Number of protein chains: 2
Amino acid sequence: MREVTLKQIAENLGISITTVSKALKNYSDVSKSTKERVKEEAKRLNYKPNVFAVNLRTKESKTVGLIIPEVVHHFFSSVVNGIIEQAEKKGYLVIILQSNESYKLEKKQIDLLIRKRVDGVMMSLANKSIDIAHLKELQSHDIPLVMFDKISKMVNCSKIIINDRKAAYEATKHLIDSGCKKIAHFRGALQPQNSIDRFLGYKKALEDHGLPYDSSLVYLCENVDYEDGRRAALQLLKDKKDVDGIFAITDMAATGAIAVFNEKGIKVPDDISIMGFSNWFLSQAITPSLSTVDQPGFEMGKKSFKLLYKEMKAKKKGVPFEPKTVVLDTYVIKRNSTK
Amino acid sequence: MREVTLKQIAENLGISITTVSKALKNYSDVSKSTKERVKEEAKRLNYKPNVFAVNLRTKESKTVGLIIPEVVHHFFSSVVNGIIEQAEKKGYLVIILQSNESYKLEKKQIDLLIRKRVDGVMMSLANKSIDIAHLKELQSHDIPLVMFDKISKMVNCSKIIINDRKAAYEATKHLIDSGCKKIAHFRGALQPQNSIDRFLGYKKALEDHGLPYDSSLVYLCENVDYEDGRRAALQLLKDKKDVDGIFAITDMAATGAIAVFNEKGIKVPDDISIMGFSNWFLSQAITPSLSTVDQPGFEMGKKSFKLLYKEMKAKKKGVPFEPKTVVLDTYVIKRNSTK
């Protein structure tokens, strides 16, 4: 059975398409008997109106775009979860795109979403995206934009973030409070704002507690993943710095470090304490279980859509909208990888 | 800057919309000078043609729908990854929906996709979906459907699956070959085809190796998750069945079991061997690392889109298309949770 159209119904009944459309929408200037004939024919043909057809008056498509760096990722998939659940409640469909941290891909994807005429876009900025002209372009087409997690200070739009500096400070403080004196940091890539902020939080915690900051104790984990964590841990052991604590920027990196220490018979937390970040599921499953900072992904997704929805509604009504920045709480979770 | 339309360009230049459209598409019956004027004006206004507007001739929207039970899920997110990467290559956008294993939600989502007029749909069936009338309905609207992972035998469409029976057989055989004599099974929900097949594979492996099948050694894990694995392991210990091996239907359930045994000082694999399924990342990160069966999620996603694309192309050309079932390979990965 092919796609049923208004035209088909009109032809079958020998009336105009306009009359069919009006009849289905219950317009008062169509007779009751005509309405009944039309509805019966529509039912017989199993006609399903396209509620997503761009509303000619409001110009809405009830579809939004979502760009995340990685989908096989506990945190980002939690955000997606929060977004699609909220979008569903409001009758919106979500188009998902993965940038793989590539500026080039992200730029292309923004362009696709502009052409698709989505009603709004939510995104976490790719690591490699320094230039944000593509985001300004999106906004120049009057498409509401909400950024979450990795945001750009140079774009005026709503943002949902955590206080990365404070969170990293508290993570480092937890290590200090548990007795650590020489704390290394497995940091993220140099560009992303949240990576910079977590590094600064770590640094400030050391300073505030009278511990010297030593840049040779900072290890770069470009991909902040398990392999990076392993590499950094191996390097740290090679460097023989006598470190007694590590604050790793992600749970995956911390997990890689723990794996190396387990293999080498180095006891965690007795010989060296490890602090992760983001509270992925696996942080509770590994041995020792990983102390970490909870990062509310689902909540972030939920709030991202809610804010986007507010802005899309305001745009539809033609009322001005002031972008908001929402800062979600984080908290330290002590498990067995710290004393 | 509001959305630029062909109408605007036409008005600005004092020509018809048809001429503008033809000029942008380089029709030969439009003069060179008009084409230049139109292109210049379009550029000046930053006009971006909506390449996703339903092509009136072909009726394509270059958008497809994807329904998965859960997005915060290593396997399903790997499938999503494979799908969106492939879709991007072919210039398609992907709408993502999450059914949460609910038949009601899945039914509603299929309806949304019909109304959205997507060009095709890919999905893994929700656990609670016994009735498949909603899928027949989708097909009655001539929308190509590809099912993956959890499929329905009663729907005639392309399918990408693994040989669950063979995979489970090999998993159980691995336990038997390593010396296990009394093997329990943490099985999945009673409905889904793959859950039934994995149970049957386990059973056959026992039979083929002269080990008795004992239904009291089969523990139901409705959600096949970590908590279910913990619960089943605690029950198994309470039942005092002297089991020396467990084949768990998912890595998450196996991880839950291992956590319980670690807590109780029961040695894995010395006292009891554990076999998981799906090769999630965490299976290599836990201690002991989990022996499992690799389930090629990314490949499954990639092939799902490729098959859907073939069918969409055939439909566009008006040529018949024969649904295909693709069976992907799996293999046993031995780690430290088995001898």
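Each value, and the rule that gives it
- Residues numbered from 1 in each chain as written.
- Chains lettered and ligands numbered in written order.
- Predicted model: local features only at pLDDT ≥ 70, side-chain atom pairs only at ≥ 80, totals over all residues.
- Heavy atoms only, no water.
- Domains from an automatic or database assignment.
- Least-squares fit on C-alpha atoms with pLDDT ≥ 70 in both.
- Salt bridge = Lys/Arg side-chain N within 4 Å of Asp/Glu carboxyl O.
- Helix = DSSP H or I, 4+ residues; strand = E, 2+ residues; numbered from the N terminus.
- Contact = heavy atoms within 4.5 Å.
- Buried area = accessible area lost by both parts, 1.4 Å probe.
- Polar contact = N/O pair within 3.5 Å; in protein donor to acceptor, adjacent residues only side chain to side chain.
- Nonpolar A, V, L, I, M, F, W, Y, C, P; charged D, E, K, R; others polar.
- Buried < 20%, exposed > 50% of the residue type's maximum accessible area, 1.4 Å probe, protein only.
- Pairing = 2+ DSSP bridges.
- Right-handed = clockwise from strand over helix to strand, strands pointing away.
- Axes fitted to C-alpha atoms, helices over the stretch in contact; angles between N-to-C directions.
- Patch = residues over 30% accessible without salt bridge, like charges linked within 9 Å, V, L, I, M, F, W, Y side chains within 5 Å.
- Areas by Shrake-Rupley, 256 points an atom, 1.4 Å probe, with all protein chains shown as cover.
- Lys, Arg positive; Asp, Glu negative; His and termini not counted.
- Charge placed at Lys NZ, Arg CZ, Asp CG, Glu CD.
- Arc of directions from axis to C-beta.

1. Re the domain arrangement of chain A
According to the domain assignment, chain A contains domain 1 (6–49), domain 2 (59–162 + 297–328) and domain 3 (164–294). Here the C-alpha centroids of domain 1 of chain A and domain 2 of chain A sit 39 Å apart.

2. Considering the relation of the copies chain A and chain B
Note on the copies: chain A fits chain B at an RMSD of 0.1 Å, the axial shift is 0.0 Å, and the rotation between them is 180 degrees. The transformation just described matches what one would write down for a two-fold rotation axis.

3. Some points on the pattern of salt bridges
Residues and elements named next belong to chain A. As enumerated under the stated definition, the model contains 32 salt bridges over all chains in all. Linking Glu263 and Arg230 is a salt bridge whose minimum nitrogen-to-oxygen distance equals 2.8 Å. Taken together, the residues Glu263 in helix H10 (residues 251–263) and Arg230 in helix H9 (residues 226–239) connect sequence positions 33 residues apart.

4. Side note on the interface of chain A and chain B
The interface is formed by 51 residues belonging to chain A together with 52 residues belonging to chain B. Where chain A abuts chain B, roughly 5100 Å² becomes buried across the two surfaces, and 56% of that area is made up of carbon and sulfur atoms. Along the contact surface separating chain A from chain B lie zero salt bridges. Applying the counting criterion to the chain A and chain B interface returns ten residue pairs in polar contact (both at pLDDT 80 or more). Looking at the side of chain A that touches chain B, the elements with two or more residues in it are helix H4 (74–89), strand E2 (93–98), helix H5 (103–116), helix H6 (133–140), H10 and helix H11 (282–285) of chain A. When residues in the side of chain A that touches chain B are grouped by element, the largest group, eight residues, is from H5 of chain A. Of the residues that constitute the side of chain A that touches chain B, the class distribution is 23 nonpolar, 16 polar and twelve charged.

5. Let's talk about the environment of Tyr103 of chain A
Residues and elements named next belong to chain A. In this structure, Tyr103 sits in helix H5. For the pair formed by Tyr103 and Ser129, sequence separation is 26 residues and the distance between their alpha carbons is 4.6 Å. When sequence neighbours within four positions are dropped, the list of residues in contact with Tyr103 reads Ala126, Lys128, Ser129, Asp131 and His134.

6. Considering the pairing of strand E3 (residues 120–123) of chain B
The side chains of a regular strand alternate, first on one face of the sheet and then on the other. Residues and elements named next belong to chain B. Residues Gly120 and Met122 of E3 are buried on one face, and the alternating residues Val121 and Met123, pointing to the opposite face, are buried as well. When strand E1 (residues 63–68) meets E3, the two strands line up parallel, connected through four bridges. Bridging across to E3, Gly65 finds its partner in Val121. Pairing geometry for E3 and strand E4 (residues 145–148), over three bridges, is parallel. Following the sheet pairing, Met123 is matched in E4 by Met147. In this view, the connection linking E3 to its parallel neighbour E4 by way of helix H6 (residues 133–140) has right-handed handedness.

7. What about the environment of Met147 of chain A?
Residues and elements named next belong to chain A. Looking at the element boundaries, Met147 is found in strand E4 (residues 145–148). You can call Met147 buried: its relative accessible area is 0%. In this structure the C-alpha to C-alpha distance between Met147 and Val72, which are 75 residues apart in sequence, comes to 20 Å. In contact with Met147, other than residues within four places in its own chain, are Met123, Leu125, Leu135, Ser152, Val155, Cys157, Ser158, Lys159 and Ile160.

8. Focus on the sheet that holds strand E8 (residues 245–248) of chain A
All names here are of chain A. A sheet is described by the order of its strands in space; here four strands give the open sequence E7-E6-E8-E9, paired in parallel fashion. Each end of this open sheet is capped by a strand with a single partner; those strands are strand E7 (218–220) and strand E9 (273–275). Neighbour-to-neighbour, the strand axes of this sheet turn through a mean angle of 20 degrees, independent of strand direction. For strand E6 (residues 183–187) and E8, the ladder comprises four bridges, and the chain directions are parallel. Within E8, the residue paired with Ala184 across the bridge is Ile246. Packing of helix H7 (residues 164–177) onto the sheet brings it into contact with E6, E8 and E9, and relative to E8 it is tilted by some 165 degrees. In the packing of helix H8 (residues 193–208) onto the sheet, contacts are made with E6, E7 and E8, and the angle to E6 comes to roughly 175 degrees.

9. Brief notes about the pairing of strand E11 (residues 325–328) of chain A
Residue and element names in this part refer to chain A. Only one face of E11 is buried, namely the one carrying Val326 and Leu328, since none of Thr325 and Val327 on the opposite face is buried. Relative to E11, strand E5 (residues 158–162) runs parallel, the two sharing four bridges. Looking across to E11, one finds that Ile161 is bridged to Val327.

10. Let's talk about a positive patch on the surface
Residues and elements named next belong to chain A. Together, Lys90, Lys306, Lys310, Lys313, Lys317 and Lys324 make up a region of like positive charge exposed at the surface. Position of Lys90 relative to the elements: it lies in the loop between H4 and E2. Given the relative accessible area of 36%, Lys90 is considered partly exposed.

11. Comments concerning the environment of Glu137 of chain B
When you line up the elements, Glu137 of chain B lands in helix H6. C-alpha of Glu137 of chain B to C-alpha of Arg37 of chain B: the two residues are 100 residues apart in sequence and 48 Å apart in space. Beyond its immediate sequence surroundings of up to four residues, Glu137 of chain B is in contact with Asn46 and Lys48 of chain A together with Ile114 of chain B.

12. Some remarks on helix H1 (residues 6–13) of chain A
All names here are of chain A. Regarding H1, the residues found buried are Ile9, Ala10 and Leu13. Buried residues of H1, viewed axially, fall in a sector of 100 degrees; they line one side. Facing away from the buried surface of H1 by more than 90 degrees, the exposed residues are Lys7 and Glu11. The inward-facing, buried residues of H1 abut helix H2 (17–24) and helix H3 (32–44). Where H1 ends, the next residue or the one after it, Gly14, has phi of about 70 degrees, a positive value.

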